[in-house]
Amino acid sequence: MQRWRGLEDIPQDWGRSVVTIGSYDGVHRGHQLIIRHAVDRARELGVPAVVVTFDPHPSEVVRPGSHPPLLAPHHRRAELMAELGVDAVLILPFTTEFSKLSPADFVVKVLVDKLHAKAVVEGPNFRFGHRAAGNVEFLAEQGKTYDFEVEVVDLYVTGRAGGGEPFSSTLTRRLVAEGDVAGAAEILGRPHRVEGVVVRGAQRGRELGFPTANVETLPHTAIPADGVYAGWLHAQGEAMPAAISVGTNPQFDGTERTVEAYAIDRVGLDLYGLHVAVDFLSFVRGQAKFDTLEALLEQMAADVERCRRLVAEAGKPA
C-alpha cells in the first residue's frame, strides 16, 4: 500500500480512483463498512481505492487544545486499512490555511486535480471544507460537474457496547476512559491498543518479582482508566500474555501516570528502547493502595493468575 503525506506526494501519473475521506480514528467497525465499500467499488471499476485523512486532528487546528485522545496512530490506521484492501492512504497536513478551503475548492484541489476521483464513498453525516459547510448532498452536486459518483454508506452499527449506542470513535474513547476495554473491543473489532517505547522506570516491579515494560505512550493516546487489565504485550514480532497496570502507583506515592505490562511467565526479557504495543483485553480491578507490601504482593500474584486465565480463555490474537 502506498502512503502519501501531502498532495505533492501523489504520483504525477496517478489515474482515476475511488476515494473516501475522514479521520477514521480507530478504524472501528462502522468505518470498516465504508472503507470496504470503497474497496469493493474500486475493484468493480478497476481502479485503486484511496483513503484521505488528516494530521493533526482537525479539531486541534479549529479549536486549539481540543485534540481528542487518539484510538490509533496514523501508522496503525494505515496497517488496518491495508488489511481491508486499501491501495493508498493520503495524510493531509491540516493547517489553518487548509481549514479555510471552501468545500468547492477542496473538491477541485484534492478530489479532481490530484486523485482524479471516479467515485467518492462517505457516511451520511460527512462534512468537509471551511466551517464544515460541505455535505454529501453538495458533494453529489459537484460530482455531476466533475464526473464522479457519490455513494453514501450507513456506518451505524450497534451492539451491547455503550448500552446500544451507535458505534463511533467518540463512544469508543468514552469506554476506554471508563476502563470498559471489552466494550471498546466490540466496537473496534479487536482489542484497544496502546503503543510506545519501553523506558526505564523506578524498576519496583523488578524488585517485587514482576518486572514490567514501562511504555512511554505516543502523544494524545487514549489510555484506559487506572487499574489492572489482562491483555497482550507485542514486542519483536511476538505476542505475549500480559498483566497490565495503568495508573500513578499509589502504593509508592507516585504522581506520574504510567502504562506498564508484565509479560506473564517470561524471564530475562530486555525490551528497553524497543517500540512495543499493548492490547487491552479485559478489566481486572481498579487501582488501589494496600496496607502492607505483603498484601500488595499477594494481590499482584492473584492479578497475574487471573490475567493468565483470561488471556488463555480469549485465545491467541489474530
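Residues numbered from 1 in each chain as written. Predicted model: local features only at pLDDT ≥ 70, side-chain atom pairs only at ≥ 80, totals over all residues. Heavy atoms only, no water.

A. Region of the structure containing the sheet that holds strand β11 (residues 258-263). Spatial ordering of the closed barrel is given by β7-β8-β11-β10-β9-β12, a layout of six strands whose pairing is antiparallel. Neighbour-to-neighbour, the strand axes of the sheet open up by a mean angle of 45°, direction not taken into account. Two elements, strand β7 (residues 192-199) and strand β8 (residues 213-217), share four bridges in a ladder whose sense is antiparallel. Within the sheet, the bridge partner assigned to V197 lies in β8 and is E216. (Pairing = 2+ DSSP bridges. Helix = DSSP H or I, 4+ residues; strand = E, 2+ residues; numbered from the N terminus. Axes fitted to C-alpha atoms, helices over the stretch in contact; angles between N-to-C directions.)

B. Quick look at the pattern of salt bridges. In total, this model carries 18 salt bridges according to the counting rule given. Notably, a salt bridge pairs D25 with R77, separated by 3.7 Å at the nearest N-O pair. Of this pair, D25 sits in the loop between β2 (17-21) and α1 (29-45) while R77 sits in helix α3 (residues 74-83), placing them 52 residues apart in sequence. In this structure D25 comes out as buried when scored by relative accessible area, which is 2%. By relative accessible area, which is 5% here, R77 ends up buried. In this structure, R41 and E151 form a salt bridge, with 2.7 Å as the shortest nitrogen-oxygen distance. One end of the pair, R41, is in helix α1; the other, E151, is in strand β6 (residues 149-152), and 110 residues separate them in sequence. Each member of the pair, R41 as well as E151, is classed as buried. Several salt bridges converge on common partners, so that one network encompasses R41, E44, E149 and E151. (Salt bridge = Lys/Arg side-chain N within 4 Å of Asp/Glu carboxyl O. Buried < 20%, exposed > 50% of the residue type's maximum accessible area, 1.4 Å probe, protein only.)

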